[in-house]
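# Descriptive structure summary
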Amino acid sequence: MGTYFNPDNESFTKAVRSKIYMDKTGLLNELNDLLCTEGNCVALSHARRFGKSQAAGMIDAYYSLGSDSRELFAPFEIAKSPDFEEHLNQYNVIHLDISSIADFHKDDLVAEIKSRLYEDFQYAGYGKIDAARDINVVIYDIYRRSQIPFVIIVDEWDCVIRNHADRPDLVHEYLQFLHALFKSEESRRFLALAYITGILPIKKIKDESAMNNFLEYSMIDSKRFTKYFGFTEEEVKELCTQYDMDFESVKEWYNGYLINGMHMYNPNSVYQAMTEEKLDSYWKNTSAFDTINQFVTMNFKGLKDDIMNMLAGDKVFVNVNTFRNDFERISTKDEALTALIHLGYLAYDGDSQETYIPNFEVALAYQSALETGEWKEIAESISTCQELLTMTIRGNEQRVAELIEQAHETYTSILKYNDENSLSCVLTMAYFTAPAYYNIIRECPAGKGFADFIFLPRKNAGTRPAMVVELKCDESTDTAIRQIKEKGYTGVLKDYKEEVLLVGISYSKETKKHSCKIERMDFGRQEYVD
């Protein structure tokens, strides 16, 4: 066994020994169906921290001749497959992590990859290999001598395309190397399976055909592979039971990715939330985070409006088909939004062709990203959200009205502010941090109508009360409070036995002023408190 040729199963062993491991070995059944067929080249492009590299280590452990993984896989789904034994540790495996090599070999990348592989081939007993020999010829020679097909895994294959667009010579040489591995005449004979991972889908480069035979699976459409990347809702429910975490709170923080109709959770964030026993933003510090700044400050026509509307909880239409799979050639709003989808900072609903901010964790990443340039004023307004929530709970009506007025002034040029619906969007932005503590329901069916907002405390909300918020335009706050009572909006909280705040917020079109009235209700005794 070697580092790059026929690696052992150490990577997968560490994964299954972690505090949390979700059985994703069903992916191997899907790959077994593709072995030695015309569809044996798979490209998986997903956001960072979505389990791509862990899956690559699992593929090593299953196929590599350098492993004996029968006992390791015994407890998992793949072991129940009728062809489990047929493919277990029966292939010559090459595993390359391109990013780890490219970081230190920008000028001699391909030569360095070949050098490392040839050393491993020599170590495996195939003799000293001339460094000038083509990689496809060398691998084919090994195949002819051993009659054992190859499984080739290339992790972070696209880092050269993403990071070195200004080096067309390097990109061309690298793509020629991939062509030798996956599309040469020799590879038709030695290649049992190719599995490559990246962030971006395959870019179509003029006169380059190295990758046009790959089946592609992405954050927009990953078909049958969807459930093997990220955590499914059922898996997260099981974890919440095991770790005594509130599922609805975890859902608000980490759910939202809708891929082929399946709700997916960021596995890295869920893992850390469970093991740390704390809901927090665990993803915003990844290297992809800087890309939010790159795209939201491009100021394409309509982009700012769309970002703000999504921060307010809405979805916006996006044409994902114009994206050229290239971060360096973003020229329209739709391309910027599509790039953010692939990075995991937006989610995509393929049925409605709409994009949206998937969860509270990602919303917080946007909050940090907007603290620059022309977005600074919006970021400053968002920074007052925690004060607004605190002042509402304390019943400070004047300060609540002032803070909402500030939010109105900030967002009025973006969100057309002429009616209660627009006021509702502004209120969503004004209470931006509230989802950390509350399940917020807009237009909630309650009593004899629909309450504008219901704030239901989560289990991690501490002593924060529930709230019913009614909005009025050119009507008094007394009218808002009276409507809450007369229409029985608090009935939706019939099983809630703690304090409830009734909050009336009014906006005058003429004076451009806001007013607020807050009443407390002891729901345990069903009476209002002065």
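This is a predicted model, so every value here is computed, not measured. (Residues numbered from 1 in each chain as written. Predicted model: local features only at pLDDT ≥ 70, side-chain atom pairs only at ≥ 80, totals over all residues. Heavy atoms only, no water.)

## Comments concerning the pattern of salt bridges
- Per the counting criterion, the structure on display carries 27 salt bridges.
- Notably, a salt bridge pairs Arg399 with Glu402, separated by 3.1 Å at the nearest N-O pair. Here Arg399 pairs with Glu402, and both are found in helix 21 (residues 397-411), just 3 residues apart, close to one helical turn.
- One salt bridge in this structure joins Lys472 and Glu470, with 4.0 Å as the shortest N-O distance. (Salt bridge = Lys/Arg side-chain N within 4 Å of Asp/Glu carboxyl O. Helix = DSSP H or I, 4+ residues; strand = E, 2+ residues; numbered from the N terminus.)

## Description of the sheet that holds strand 2 (residues 92-97)
- Reading across the sheet, the 5 strands line up as 2-3-4-1-5 and stay open at both edges, with parallel pairing between neighbours. Two strands in the sheet have a free side with no partner beyond their single neighbour: strand 2 and strand 5 (215-217). Strand-to-strand twist of the sheet, defined as the mean angle between neighbouring strand axes without regard to direction, takes the value 10°.
- By the bridge criterion, 6 bridges tie strand 2 to strand 3 (residues 150-155) in an arrangement that is parallel. Of the residues in strand 3, the one forming a bridge with His95 is Ile153. (Pairing = 2+ DSSP bridges. Axes fitted to C-alpha atoms, helices over the stretch in contact; angles between N-to-C directions.)

## Notes on helix 10 (residues 168-182)
- With 15 residues, helix 10 ought to run about 21 Å at 1.5 Å a step, and its terminal C-alpha atoms sit 21 Å apart, in line with that.
- Residues of helix 10 that are buried include every one of Leu170, Val171, Tyr174, Leu175, Phe177, Leu178, Ala180, Leu181 and Phe182, and no others. (Expected span 1.5 Å × (residues − 1). Buried < 20%, exposed > 50% of the residue type's maximum accessible area, 1.4 Å probe, protein only.)

## What about the state of the cysteines?
- Tallied over the full model, the rule gives 0 disulfides.
- Left unpaired, Cys159 is separated from the closest cysteine sulfur, that of Cys41, by 19 Å. (Disulfide = S-S within 2.5 Å.)

## Topic: the sheet that holds strand 8 (residues 262-265)
- If you walk across this open sheet you meet the 3 strands as 6-8-7, and the pairing is antiparallel. Among the strands making up the open sheet, the edge pair consists of strand 6 (231-232) and strand 7 (257-259).
- For strand 7 and strand 8, the ladder comprises 3 bridges, and the chain directions are antiparallel. In the strand pairing of strand 8, Leu258 is matched with His263.

## What to know about the packing of aromatic side chains
- Following the criterion strictly, the structure yields 22 aromatic pairs and no others.
- Ring geometry for Phe12 and Tyr21: centres 5.8 Å apart, planes at 80°, overall edge-to-face.
- Exposure remark for Phe12: the relative accessible area of 1% places this residue in the buried category.
- Pairing Tyr431 with Phe455 gives two aromatic rings, centres 5.4 Å apart and planes at 70°, and the pair type is edge-to-face. (Phe/Tyr/Trp six-rings, centres within 6.5 Å; stacked < 30°, edge-to-face > 60°.)

## Section: the confidence of the model for the protein
- This prediction gives the protein a mean pLDDT of 86; 92% of its residues lie at or above 70.
- Strand 3 holds the highest mean pLDDT among the elements of the protein, 96, whereas strand 17 (residues 527-529) holds the lowest, 51. (pLDDT = per-residue confidence, 0-100.)

## Some thoughts on the environment of Ile382
- Its location among the elements puts Ile382 in helix 19 (residues 376-382).
- Its relative accessible area of 1% is what places Ile382 among the buried residues.
- Sequence-wise, Ile382 and Glu371 are 11 residues apart; in three dimensions their C-alpha atoms are separated by 9.8 Å.

## Thoughts on the pairing of strand 13 (residues 449-457)
- Pairing geometry for strand 12 (residues 438-446) and strand 13, over 8 bridges, is antiparallel. Counted as the bridge partner of Pro445 is Phe450 from strand 13.
- Alignment of strand 13 against strand 14 (residues 466-473), held across 3 bridges, turns out to be antiparallel. Looking at the pairing, Phe455 lines up with Met467 of strand 14.

## Concerning the environment of Thr37
- Examined against the element boundaries, Thr37 turns out to sit in the loop between helix 2 (26-34) and strand 1 (41-45).
- Distance from Thr37 to Asn268, taken between C-alpha atoms, is 33 Å for residues 231 residues apart in sequence.
- A polar side-chain atom of Thr37 sits 3.2 Å from the main-chain amide nitrogen of Gly39. (Polar contact = N/O pair within 3.5 Å; in protein donor to acceptor, adjacent residues only side chain to side chain.)

## Describing the side chain of Thr25
- Position of Thr25 among the secondary structure elements: in the loop between helix 1 (10-16) and helix 2.
- Separated by 3.3 Å, the side chain of Thr25 and the backbone nitrogen of Glu77 make a polar contact.
- Not counting residues up to four positions away in its chain, the partners in contact with Thr25 are Phe12, Met58, Phe73, Phe76, Glu77 and Ile78. (Contact = heavy atoms within 4.5 Å.)

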